[in-house]
Amino acid sequence: MASVTPESRAAVARLDNKWFKKENSNENNREAIRPAEKAFEDRDSFKTHIQSLFKRKEKNVRFVSTEQELRDQLELLTANDLSKVVNTTLTVARRQNSFYNNERTQGPKQLRRKLQNFAKTFSDFLGAYGGIVELVKNAGQQYGELAYETLSIFLVVIVHKCQNDEQITKLLADLQVAFPQLETLLGVYPSAKLQEHVASVYREVIIFARDTTRYFAKQSVRYLSAIGSPPSRGISTTTVTINKLLAAVGAEAMVLLHCRNQAIDNNVQQLQEENKLLLQRMEELERQNNRLIKQNAALISNVESVKQESHLLRENSDFNMKQGDDENLERIRECLDLAPPSIEIDVETCKRAVLDAFPNESTSHRRKCAKYERMTPELLDTCVTYKQWRASETSALLYLYGPTDIESRLEVTTHSWLSPAASFIAERVLLENDVVSAYYCCHPDIRAERKRATTVISAVIHRLLCCRPSVLRGAQIRSRFHGIAVQSLSTKDDSEAIKTMMQLLREVLVELNKSKAVEMTYIIIDRVDQCSIDRCKFPVDRVMNQILNLVLDPDCKVKIMVICDSSFSAKSGFHKEEDTLKHDRVYIEEWLVHKEVDS
């Protein structure tokens with residue numbers, strides 16, 4: 001049997017749950033290790049006896065307890081060491097009888113060869129027996145220490161005494177052949193009987209080594225053996241016992257191996273049947289999968305058709321809804337008696353017209369007007385009241401007013417230098433996402449005619465509804481709005497008509513406030529001083545009071561910005577000190593002087 005390889009040792013480590021495991025074994029398995037335990041009975045006395053023999057010879061020897069140490073000890077027997085042992089042995093042999101001398105007449109070379117042959121045989125035997133030791137070591141490391149220590153003592157005595165070495169070599173060689181392969185033992189699940197046989201082999205080899213060591217350690221016995229006597233009967237008996245036990249181990253292992261093979265064959269057949277069923281099941285699943293793929297393709301096709309139909313329906317619905325919204329807006333425009341969209345609600349057109357009226361040095365031949373300060377976004381941002389109004393989270397009114405120096409603009413125009421502020425604010429508001437706003441300029445063109453107050457309010461209402469036409473989708477709301485608009489138009493008194501129109505504006509703001517999508521509504525009116533009642537100048541304070549009521553109404557959420565040029569209005573609309581203190585939602589900025597820029 002070959003020596004135990006590292007792979008075999010790893011395999012033994014993986015079989016900890018199979019061989020000689022006390023915690024996982026039954027009573028029979030616990031009894032199986034008993035023979036190996038008996039090998040400890042003579043350990044100390046045997047070791048002490050051999051040590052005393054070497055001590056009398058004044059020789060220092062060391063006995064090892066592991067396989068690796070034992071192999072290292074064997075390798076230390078170099079050619080010079082063997083020569084010394086042989087020469088010493090021959091000297092002793094010459095002093096004995098002639099038969100012994102005849103045994104050594106071939107000289108030191110013959111003895112060296114025999115010892116070398118013994119060393120090789122011992123190494124092979126150690127490899128074969130090592131498999132048994134590795135299995136028994138699963139029961140405890142002490143079993144390995146005992147086995148290798150005994151063989152170490154055996155080796156030291158045999159090498160130093162070297163009598164009858166050929167007989168011992170032959171015995172070891174015969175035993176080595178009889179040991180089963182460790183891989184064979186690892187291939188079976190050990191029965192209690194097999195474990196007991198292995199433990200008995202373990203013990204008998206230790207007994208054999210002890211008996212042989214004692215046999216060669218006794219000088220009288222060696223002498224009788226040297227003149228032709230065979231080894232002691234005890235050694236021979238132990239050898240026979242070991243051979244029988246090894247044969248039993250091999251037979252039991254083969255039986256268990258055949259049983260295991262039979263179980264494996266049965267498992268293989270069962271797995272083949274199961275695999276066949278799995279293949280059939282897999283084929284059935286594949287057929288089902290193909291059917292599902294076809295059904296899925298049909299469903300996808302149906303879904304695409306439904307999507308296209310849904311898209312068409314949505315487009316039709318959106319088209320119908322937009323068409324309905326357009327019709328509602330057109331009806332409300334007719335009820336409000338408004339002309340088609342004009343430049344008064346076009347922020348860009350109104351801004352360009354106003355800025356052209358206030359030229360700079362590069363655009364005007366009138367050097368005087370170019371020296372006046374112009375309204376710019378930067379100048380607007382310096383206005384504290386504007387920033388407060390813009391930052392307010394509630395409804396608020398921003399009222400900008402003041403005169404315009406006639407020399408600051410072109411002679412043919414009557415624009416206010418404050419008007420660009422309305423355009424700037426409108427542009428900023430429009431940049432916000434999903435905002436509802438209305439811009440109206442009462443003086444969009446050169447020397448424009450005055451606008452009726454009811455027309456301005458109607459235009460603001462219509463513009464707000466254009467931002468949110470969904471407000472008019474309710475029949476009840478449309479009916480109410482139409483009723484108020486008709487009532488306003490049928491009123492002969494403009495003052496009453498303005499109140500009625502303001503009521504309609506409030507109704508629109510209330511509906512817009514109900515929408516969660518609308519956070520704040522913005523209304524920007526430029527040049528309210530250009531409004532009129534019955535073709536007469538419009539008292540600004542009257543309309544401003546109506547606007548203030550909208551800002552203070554809890555059901556409305558609106559920010560209103562109004563610009564008034566006091567050059568064209570006898571009244572400014574608000575008295576700054578009183579109204580600012582009275583209403584915290586009113587922000588008034590008065591520019592009394594149109595400053596001239598220093599040269």
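What you see is a predicted model; the values in this text were computed from it and never measured.

What counts and what doesn't
- Residues numbered from 1 in each chain as written.
- Predicted model: local features only at pLDDT ≥ 70, side-chain atom pairs only at ≥ 80, totals over all residues.
- Heavy atoms only, no water.
- Helix = DSSP H or I, 4+ residues; strand = E, 2+ residues; numbered from the N terminus.
- Buried < 20%, exposed > 50% of the residue type's maximum accessible area, 1.4 Å probe, protein only.
- Contact = heavy atoms within 4.5 Å.
- Areas by Shrake-Rupley, 256 points an atom, 1.4 Å probe, with all protein chains shown as cover.
- Axes fitted to C-alpha atoms, helices over the stretch in contact; angles between N-to-C directions.
- Parallel < 35°, antiparallel > 145°, perpendicular 65-115°, else oblique.
- Left-handed = near helix turned anticlockwise from the far one by under 90°.
- Nonpolar A, V, L, I, M, F, W, Y, C, P; charged D, E, K, R; others polar.
- Arc of directions from axis to C-beta.
- Core = buried A, V, L, I, M, F, W, Y, C linked by side-chain atoms within 4.5 Å.
- Pairing = 2+ DSSP bridges.
- Phe/Tyr/Trp six-rings, centres within 6.5 Å; stacked < 30°, edge-to-face > 60°.
- Salt bridge = Lys/Arg side-chain N within 4 Å of Asp/Glu carboxyl O.
- pLDDT = per-residue confidence, 0-100.
- Expected span 1.5 Å × (residues − 1).
- Disulfide = S-S within 2.5 Å.

### Describing the overall build of the chain
Then comes step 1: Each helix and strand counted, the chain has 23 helices and eight strands in total.
Then comes step 2: For the chain, the proportion of its 599 residues judged to be buried stands at 46%.
Then comes step 3: Looking at the chain alone, contacts between residues at least 24 apart form 83% of all its contacts between residues at least 6 apart.
Then comes step 4: Total accessible area on the chain is roughly 31,600 Å²; 51% of this is exposed by carbon and sulfur atoms.

### Some thoughts on the packing of helix H20 (residues 475-490) against helix H21 (residues 494-514)
Then comes step 1: The contact between H20 and H21 brings their axes to 8 Å, and the two run at 160°. One finds that H20 runs roughly antiparallel with respect to H21. Where H20 crosses over H21, the two elements pack in a sense that is left-handed. Contacts from Ile 477, Arg 480, Phe 481, Ile 484, Ala 485, Gln 487 and Ser 488 in H20 reach Ala 497, Thr 500, Met 501, Gln 503, Leu 504, Glu 507, Val 508 and Glu 511 in H21.
Then comes step 2: For the contact of H20 with H21, a count of residues per class yields eight nonpolar, four polar and three charged.

### Focus on helix H5 (residues 67-75)
Then comes step 1: Inspection of H5 places Glu 67, Leu 70, Arg 71, Gln 73 and Leu 74 among the buried residues, and these make up the whole buried set. Down the axis of H5, the smallest arc covering the buried residues is 155°, so these residues share one side. Of the exposed residues in H5, the ones pointing more than 90 degrees away from its buried face are Gln 68 and Glu 75.

### Side note on the nonpolar core
Then comes step 1: By size, the foremost hydrophobic cluster in this structure holds 57 residues, and its most contacted members are Ile 50, Phe 122, Tyr 129, Val 136, Phe 179 and Tyr 202.
Then comes step 2: Residue assignment for this core shows that the elements contributing at least two residues are helix H4 (43-56), H5, helix H8 (108-136), helix H9 (141-161), helix H10 (165-178), helix H12 (192-217) and helix H14 (233-335).
Then comes step 3: What Tyr 202 contacts, discounting residues up to four positions off in sequence, is Ala 36, Ala 39, Tyr 129, Ile 132, Val 133, Val 136, Tyr 143, Gly 144, Leu 146 and Ala 147.
Then comes step 4: With 54 residues, the next largest nonpolar core counts Ala 438, Val 460, Ile 498 and Cys 531 among its residues.

### Some details on the pairing of strand S4 (residues 521-526)
Then comes step 1: Counted residue by residue, S4 has six buried out of six residues, so it is predominantly covered.
Then comes step 2: Neither face of S4 is left uncovered, since the one carrying Thr 521, Ile 523 and Ile 525 and the one carrying Tyr 522, Ile 524 and Asp 526 both have all their residues buried.
Then comes step 3: Across six bridges, the pairing between strand S2 (residues 436-441) and S4 is parallel. Within S4, the residue paired with Ala 438 across the bridge is Ile 523.
Then comes step 4: Across six bridges, the pairing between S4 and strand S7 (residues 558-565) is parallel. Across the sheet, the residue bridging to Thr 521 is Val 558, located in S7.

### Brief notes about the packing of aromatic side chains
Then comes step 1: Considering all chains together, one arrives at seven aromatic pairs under this definition.
Then comes step 2: With 6.0 Å between their ring centres and 25° between their planes, Phe 122 and Phe 154 make a pair best called stacked. Taken as a pair, Phe 122 in helix H8 and Phe 154 in helix H9 lie far apart in primary sequence, 32 residues in all. Across the pair, exposure class does not vary: Phe 122 and Phe 154 are buried alike.
Then comes step 3: Consider the rings of Trp 389 and Tyr 522, whose centres lie 6.2 Å apart with planes at 80°: the pair is edge-to-face. A residue pair is termed long-range when its members are at least 10 positions apart, and Trp 389 in helix H17 (residues 384-391) and Tyr 522 in strand S4 qualify at 133 residues. By the burial criterion, Trp 389 is buried, and Tyr 522 matches it.
Then comes step 4: Feature note: the residues Phe 122, Phe 154 and Phe 208 constitute an aromatic cluster, connected by ring pairs.

### What about the pattern of salt bridges?
Then comes step 1: Applying the stated criterion across every chain, the model contains 23 salt bridges.
Then comes step 2: Salt-bridge contacts for Glu 134 lead to Lys 137; the nearest nitrogen and oxygen are separated by 3.7 Å.
Then comes step 3: With its nearest N and O atoms 3.9 Å apart, the salt bridge here joins Glu 327 to Arg 331. Here Glu 327 pairs with Arg 331, and both are found in helix H14, just four residues apart, close to one helical turn.
Then comes step 4: Note on Arg 331: relative accessible area 39%, which makes it partly exposed.
Then comes step 5: Three or more residues joined by partner-sharing salt bridges are found here, namely Glu 348, Lys 351, Arg 352 and Glu 427.

### Structural notes on the confidence of the model for the chain
Then comes step 1: For the chain, per-residue confidence averages 76 on the pLDDT scale, and 74% of positions sit at 70 or higher.
Then comes step 2: Here residues 11-17 is a poorly scored stretch, pLDDT under 50, and it has 12 contacts once near neighbours within four places are set aside; other chains count.
Then comes step 3: Below pLDDT 50 for its whole length, residues 220-232 participates in 25 contacts with residues either more than four positions away or in separate chains.

### Some remarks on the sheet that holds strand S8 (residues 586-590)
Then comes step 1: In spatial order, the strands read S2-S4-S7-S1-S8; together these five strands make up an open sheet with parallel pairing. The sheet terminates laterally at S2 and S8, the two strands that pair on one side only. Ignoring strand direction, the axes of neighbouring strands in this sheet form an average angle of 10°.
Then comes step 2: Bridging between strand S1 (residues 396-402) and S7 involves seven bridges; their strand directions are parallel. In the sheet register, Gly 402 faces S7, and the bridge partner there is Asp 565.

### Side note on unusual backbone geometry
Working note: non-glycine residues mostly have negative phi, and peptide bonds are mostly trans.
Then comes step 1: Even without a glycine there, the phi angle at Asp 337 is positive, about 60°.
Then comes step 2: Located in the positive-phi region is Arg 527, a residue other than glycine, with phi close to 65°.
Then comes step 3: Here Arg 527 is to be found in the loop between S4 and strand S5 (531-533).
Then comes step 4: Judged by its relative accessible area of 0%, Arg 527 is buried.

### A few points about the packing of H4 against H12
Then comes step 1: Two numbers describe how H4 lies on H12: the axes approach to 11 Å, and their chain directions differ by 25°. In this view, H4 runs roughly parallel relative to H12, as classed from their interaxial angle. In this structure, H4 crosses over H12, and the sense of that crossing is left-handed. Side by side, H4 and H12 meet where Arg 43, Phe 46, Ile 50 and Leu 53 of the first sit next to Arg 210, Thr 213, Arg 214 and Ala 217 of the second.

### Digging into the pairing of S1
Then comes step 1: Most of S1 is tucked away, with seven of its seven residues classed as buried.
Then comes step 2: Of the two faces of S1, the one carrying Ala 396, Leu 398, Leu 400 and Gly 402 and the one carrying Leu 397, Tyr 399 and Tyr 401 are both buried.

### Describing H21
Working note: α-helix, 3.6 residues per turn, so residues spaced by three or four point in the same direction.
Then comes step 1: Here H21 contains 21 residues, and its C-alpha end-to-end distance of 30 Å stays within 8% of the 30 Å for a straight helix at 1.5 Å per residue.
Then comes step 2: Counting buried residues in H21 gives 15 out of 21 residues, a clear majority hidden from the surface.

### Focus on the state of the cysteines
Disulfide: a covalent bond formed between the sulfur atoms of two cysteine residues.
Then comes step 1: In the structure shown here, the tally under the stated rule is zero disulfides.
Then comes step 2: Cysteine Cys 441 remains unbridged, with the sulfur of Cys 350 as its closest cysteine sulfur at 4.2 Å.
Then comes step 3: Residue Cys 442 stays outside any disulfide, its sulfur separated by 3.8 Å from that of Cys 531, the closest cysteine.

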